[in-house]
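Survey of secondary and tertiary structure
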Amino acid sequence: MEGFHLSGTVTEPAMQSEPETVCNVAISFDRCKITSVTCSCGNKDIFYCAHVVALSLYRIRKPDQVKLHLPISETLFQMNRDQLQKFVQYLITVHHTEVLPTAQKLADEILSQNSEINQVHGAPDPTAGASIDDENCWHLDEEQVQEQVKLFLSQGGYHGSGKQLNLLFAKVREMLKMRDSNGARMLTLITEQFMADPRLSLWRQQGTAMTDKYRQLWDELGALWMCIVLNPHCKLEQKASWLKQLKKWNSVDVCPWEDGNHGNELPNLTNALPQGANANQDSSNRPHRTVFTRAIEACDLHWQDSHLQHIISSDLYTNYCYHDDTENSLFDSHGWPLWHEHVPTACARVDALRSHGYPREALRLAIAIVNTLRRQQQKQLEMFRAQKKELLHKGVTSITNLEGWVGHPLDPIGTLFSSLMEACRVDDESFHGFSDFTENMGQCKSLEYQHLPAHKFLEEGESYLTLAVEVALIGLGQQRIMPDGLYAQEKVCRNEEQLISKLQEIELDDTLVKIFRKQAVFLLEAGPYSGLGEVIHRESVPMHTFAKYLFTSLLPHDAELAYKTALRAMRLLVLESTAPSGDMSRPHHIASVVPNRYPRWFTLSHIESQQCELASTMLTAAKGDVQRLETVLESIQKNIHSSSHIFKLAQDAFKIATLMDSLPDITLLKVSLELGLQGVLQKTCKDQKTIYYFTSVNKAPKTSGERILSQLLLMPKRKVMRMTLSTLNWRRREMVRWLVTCATEVGVYALDSIMQSWFTLFTPTEATSIVATTVMSNSTIVRLHLDCHQQEKLAGSARTLALQCAMKDPQNCALSALTLCEKDHIAFETAYQIVLDAATTGMSYSQLFTIARYMEHRGYPMRAYKLATLAMTHLNLSYNQDTHPAINDVLWACALSHSLGKNELAAIIPLVVKSVKCATVLSDILRRCTLTTPGMVGLHGRRNSGKLMSLDKAPLRQLLDATIGAYINTTHSRLTHISPRHYSEFIEFLSKARETFLMAHDGHIQFTQFIDNLKQIYKGKKKLMMLVRERFG
């Protein structure tokens, strides 16, 4: 070891696949810091290689085995001329290949009187260390930092690059905690690479948003710069340098915006302080806020405020004689200090203190901030009580917080929570230095928290733990407006869930339950200043996720308060049709917004699912409690607007009510049925008419369970239901099937009720094909243990439903109605007459053919024939439709007519000739009619002769002429646009035509004339006509 320079060799043992390696390591240090390192291993990384670490640890652990030498300049000073010459010559001899060129160059310069080297007194000594005035800092390989960040960014989030970048950010925080000046240098290098990322320009040009993980990295980058500039002991020239660099980045066109999409219009974060220089800036002219804007604004902040200095430096700072009870008073009624500042900014100070290695100072400021928030909460409660009557009379308000604390870029509530939780860990060692709370929370199962001896500025019985939980509840319950932009809205949801996840890892005891009760009551009674107040702004962030946590936490201890909180949170005002008129009053720190602005809630589907989860949690907890279930049901019907979510709740209630290990809960079954009805009826098309649905009962149900159900179904508070007949899809069909299943579980009364009121619940198709069919199935009869009288009554309701549906929608319901009415002659005749009445106007040929085939299958051939003739009047087959799906129906109709007799066949052939122009179809019909004798039994039982019908007489003569004419017309049509590749197909077509021609007595002559005409008319198609001559002469 030479002076301030440590060198040595590190041997790396041989591995299975690699030989032993020896690395030459050199380390320079200055005032307990490693200032430079070199190693022959060649590894490139931002962290020291293992060989450098090994040599450093060897020097620390075994100092006696490291020989110390004076700096080389002192050693040289002690040598005479001969010794110096010998030293230099030996040095050159040992390293002649590396040193000789340099040695010769230096010798030439020294021997030259005018050389630059002779103008300098003395010579440099790398082992002597730096001057006392020189700035010293830990070694940082800037080039490697830049290369690694660039590499991670180029991987686009793959191969764990996001994790690696987060590790770099953690390294920066570690440097800040150690008060290493390289922290700011390293963050500068990282930021420069982020700003140079080519994807920024690409995303801006394409108008696409950056990925969510990448967006979070930028958030952390901005938060770290906030910590850097808020360093309580940084020099003014350092802050000026950072400000210049931040403004440079901020001015770049591709610099990401804070909200991820477009600039918001939040006030300057320093507005709450007198020291804010830009407090009156016009918001309309304010540029977009970028990820660096808050750090730039924070450069205006300082730590010289005497009140602030006293807060963070002493646990004894009190003023018991202070009686100024104004809103901005410096002490509360206990004489404890308060800190009035824009809350996210104040919490950023806490984060900066923690990050720079001042945990106790951070804790003192955090406690002052929380006490200030609690006092503000009490003041707001008093303020609402003073104006409660007026606000409740209006029913709406425009009072809101424009800036929420949960989901805020600076994460103020998370910062306070983390600072306080660190202070109450059983292992308090981490409190003496910085420790990343979020990382430790990942191992929270092994951590324990206790109500450790409290700070003196807390109430009796309070601790850091209770304070942490309370500030989290205050932040989660804060009434705030939903921010603009997809990313900002997603961040609100994500941060809320993260904070609740941390709270869930804390085991509640009696002390914490008191905090929960206290905050729940505050939130319920604070009006528009709370997210759970009676009257809130229409666009307030919903409280569903938070309320679900409160509900499950309070339920074992105070069920009444738990349900009151959860039921209050069920609302989703942004989906209500009435827009607030607005209360334009502006209390302190509360802003008024334009009430009728159309909101764009990109996370609405997630919010609605959380609302559904809250409702499901209450339903599960309320099993067996009739009154609670009714209350929850009413809240669901009032507040949930998604039919799919209502349907999910109905299914959940059904599962809970019919658990295998207990008797069915009839009240919960009723809730399930009610929700199923609403799910089917929920409005999704705003132009549809509203229909009022009331269940009417002609006969009291028989079982006690059904009696309870009937009373509940007929409650006068039944809400308005709306049909969704325009949203027929698989999800709705699933709802309908499930609703019938639920009604079956409830009993006969429920099934009869939904069938009597089918028109308000189902489409005619659903009612016949799903509802009535299921009701009349054998499985339903067996499930309900019905006697003959009950079966007939239920079947009568199903038949009535079927006939009503057939009248309303004969096209889709007639066949189902006929099927359902088979066992009742009068009903069946009525359904058949409905079909006949609709046949001439409202039904298609395919529907009529289907019903006709059904009639034949059921043994009604004459009715089938009648419907087939009606279907033929709607059909039109052109000459080229030889693969039309209706061809089989036409052939079937002709076969049916042929089987009935000559008269029936004679009646249908004119219809066929009129409707069918396709030659191949007509020839097929013609051949079939000539192969067999028409049916032996005709109308009125008259027997036919049994002779084959003549082609020279009606009706076959008419069919033959029509077929020949169709072949002629089709031939000319084909020849108009025929191509050579279709010639052979055309010749085969003429061969089939000749077969039909020859069925006439003069058919040979007609066909010859037809071929001659073709040769004359199409003589230009020489190749084709040659083929015609070869085949037909």
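Scoring rules and cut-offs
All residue numbers refer to positions counted from 1 along the written sequence of the respective chain. Residue-level local features of this predicted model are given only where pLDDT is at least 70; pairs of side-chain atoms are given and counted only at 80 or more, and the full residue set underlies all totals for whole chains, interfaces and linings. Calculation of side-chain values draws on the structure's entire complement of heavy atoms; hydrogens and water are dropped beforehand. What counts as a helix is a DSSP run of H or I of at least four residues, what counts as a strand is a run of E of at least two, and both are numbered from the N terminus. Think of it in three bands: with a 1.4 Å probe and only protein chains considered, a residue is buried below 20% of the maximum accessible area for its type, exposed above 50%, and partly exposed in between. Contacts between residues were defined by any pair of non-hydrogen atoms, one from each residue, lying within 4.5 Å. Between the first and last residue of a helix there are one fewer steps than residues, each counted as 1.5 Å, and that sum is the expected span. Polar contact is the term for a pair of N or O atoms within 3.5 Å; when the atoms are in protein, one must be able to donate a hydrogen and the other to accept it, and sequence-neighboring residues count only if both atoms are side-chain atoms. pLDDT measures how confident the predictor is about each residue, on a scale from 0 to 100. With axes taken as lines fitted to C-alpha atoms, and helix axes fitted only over the stretch in contact, angles between N-to-C directions fall between 0 and 180 degrees. Small angles under 35 degrees read as roughly parallel and large ones over 145 as roughly antiparallel, with 65 to 115 read as roughly perpendicular and the rest as oblique. Crossing handedness follows the turn of the near helix against the far one: under a right angle anticlockwise gives a left-handed crossing, and clockwise gives a right-handed one. Amino acids outside the nonpolar list (Ala, Val, Leu, Ile, Met, Phe, Trp, Tyr, Cys, Pro) and the charged list (Asp, Glu, Lys, Arg) are all regarded as polar, and Gly is one of them. As used here, the term nonpolar core means buried Ala, Val, Leu, Ile, Met, Phe, Trp, Tyr and Cys residues forming a set that is joined through side-chain atoms within 4.5 Å. One speaks of a salt bridge when a side-chain nitrogen belonging to Lys or Arg is within 4 Å of a carboxyl oxygen belonging to Asp or Glu. Whether two aromatic rings pair depends on their centres lying within 6.5 Å, for rings of Phe, Tyr and Trp, where Trp uses its six-membered ring; planes under 30 degrees apart make the pair stacked, over 60 edge-to-face, and the rest tilted. Lysine NZ or arginine CZ positioned within 6 Å of the ring centre and within 35 degrees of the ring normal marks a charge as sitting over the ring. The directions from the helix axis to the C-beta atoms are what the arc is built from. For this text, the term disulfide refers to a pair of cysteine sulfurs within 2.5 Å.

Tallying secondary structure elements over the protein chain gives 43 helices and five strands in all. Of all 1033 residues assigned to the protein chain, the portion counted as buried reaches 49%. Put simply, of all contacts in the protein chain between residues at least 6 apart along the chain, 73% involve residues at least 24 apart.

The next point concerns the environment of glutamate 459. Along the chain, glutamate 459 turns up in the loop between helix H16 (437-441) and helix H17 (464-476). Residues glutamate 459 and histidine 334, spaced 125 residues apart in sequence, show a C-alpha to C-alpha distance of 9.5 Å. Those residues in contact with glutamate 459 that sit more than four places away from it in its chain are His334 and Trp336.

A word on helix H19 (residues 510-525). Helical geometry: 3.6 residues make up each α-helical turn, so side chains three or four residues apart lie on a common side. With 16 residues, H19 should reach 22 Å at 1.5 Å per residue; the first-to-last C-alpha distance of 23 Å fits that figure. Listing the buried residues of H19 in full gives Leu512, Val513, Ile515, Phe516, Gln519, Ala520, Phe522, Leu523 and Leu524. Contacts made by the buried residues of H19 are with helix H14 (359-394), H17, helix H20 (544-554) and helix H21 (559-569). Put simply, aspartate 509 is the residue that caps the front of H19, since its side-chain oxygen is 3.2 Å from the backbone nitrogen of threonine 511. One or two residues past the end of H19 sits glycine 527, with phi positive at roughly 60 degrees.

Of all residues in the protein chain, 79% have pLDDT values of 70 or greater, and the mean over the chain is 79. Taken together, the stretch residues 579-598 has pLDDT below 50 and engages in 52 contacts with residues farther than four places along the chain or on a different chain. Below a pLDDT of 50 lies the segment residues 936-945, which in the model reaches 15 contacts outside its immediate sequence neighbourhood of four places, other chains included.

Quick look at the packing of H14 against H17 now. Close contact between H14 and H17 brings their axes to 11 Å; oriented N to C, the two are set at 50 degrees. Classed by the angle they form, the pair H14 and H17 counts as oblique. Considering the relative orientation of H14 and H17, their crossing is left-handed. Mapping the contact onto sequence places Leu363, Ile367, Val370, Leu373, Arg374 and Gln377 in H14 and Tyr464, Leu467, Glu470, Val471 and Ile474 in H17. Here the residues of the contact of H14 with H17 sort into eight nonpolar, one polar and two charged.

Let's shift gears to the nonpolar core. Formed by 201 residues in total, the largest nonpolar core has its most connected members in Leu619 and Leu867. By residue number, the principal contributor to this core is H17, which donates ten residues. Setting aside residues up to four positions removed in sequence, leucine 619 forms contacts with Leu629, Val632, Ile636, Leu649, Ala653, Leu668, Val671 and Leu675. Ranked by size, the runner-up nonpolar core spans 47 residues in total, among them Met186, Trp218, Leu230 and Trp249.

Take the pattern of salt bridges next. Here the structure, examined in full by the defined rule, presents 37 salt bridges. The partner of arginine 289 in a salt bridge is glutamate 297, and the shortest N-O contact between them spans 3.2 Å. A relative accessible area of 2% places arginine 289 in the buried class. Relative accessible area serves as the criterion here: at 9%, glutamate 297 is assigned to the buried category. Measuring nitrogen to oxygen at the nearest pair gives 3.8 Å for the salt bridge that ties lysine 394 to glutamate 390. With lysine 394 and glutamate 390 both in helix H14, this residue pair falls four residues apart, about one helical turn. On the basis of relative accessible area, lysine 394 is assigned to the partly exposed category, the value being 39%. Taken together, the shared-partner salt bridges in this structure form one network comprising Arg173, Glu220, Asp351, Arg354 and Glu422.

Moving on to the packing of aromatic side chains. Summed over the entire model, instances satisfying the criterion amount to 18 aromatic pairs. By way of ring pairs, the aromatic residues Phe169, Phe194, Trp203, Tyr214, Trp218, Trp225, Trp249 and Phe292 are connected into one cluster. The ring of tyrosine 487 has arginine 215 sitting right over it, with the charged end atom 5.0 Å from the ring centre. One Lys or Arg, arginine 974, reaches over the ring of phenylalanine 989 and ends 4.3 Å from the middle of that ring.

This next bit is on helix H33 (residues 810-820). Buried residues of H33: Pro810, Cys813, Ala814, Ala817, Leu818 and Leu820, and no others. Down the axis of H33, the buried side of the element spans an arc of 155 degrees, and every buried residue falls inside it. Buried positions along H33 lie against helix H30 (764-775), helix H32 (788-808), helix H34 (825-839) and helix H35 (845-857).

Looking now at unusual backbone geometry. The phi angle at arginine 179 is positive, at roughly 60 degrees, despite the residue not being glycine. Mapping arginine 179 onto the fold places it in the loop between helix H6 (161-177) and helix H7 (182-195). In this structure, histidine 785 is a non-glycine residue whose phi angle is positive, near 55 degrees. Assignment of secondary structure puts histidine 785 in the loop between helix H31 (778-784) and H32. Overall, the relative accessible area of 67% leaves histidine 785 in the exposed class.

Once that is clear, we can look at the packing of helix H13 (residues 343-355) against helix H15 (residues 412-423). It is at 8 Å that the axes of H13 and H15 come closest, and there the two elements cross at 40 degrees. One element, H13, and the other, H15, form an angle in the oblique class. The handedness of the crossing between H13 and H15 is left-handed. On the side of H13, the interface is formed by Val343, Pro344, Cys347, Val350, Asp351 and Arg354, while H15 contributes Pro412, Thr415, Leu416, Ser418, Ser419 and Glu422.

Considering the arrangement of structural elements, one finds proline 528 in the loop between H19 and H20. Along the sequence, proline 528 and serine 540 sit twelve residues apart, while their C-alpha atoms lie 9.5 Å from each other. If we skip the residues at most four places from it in the chain, proline 528 touches Phe384, Leu391, Thr397, Ile399, Gln479, Val535 and Ile536.

Bringing the state of the cysteines into the picture now. For the coordinates displayed, the defined rule picks out zero disulfides. Between cysteine 805, a cysteine without a disulfide, and cysteine 813, which holds the nearest cysteine sulfur, the sulfur-to-sulfur distance is 5.1 Å. Residue class for cysteine 805 comes out buried when judged on its relative accessible area of 0%.

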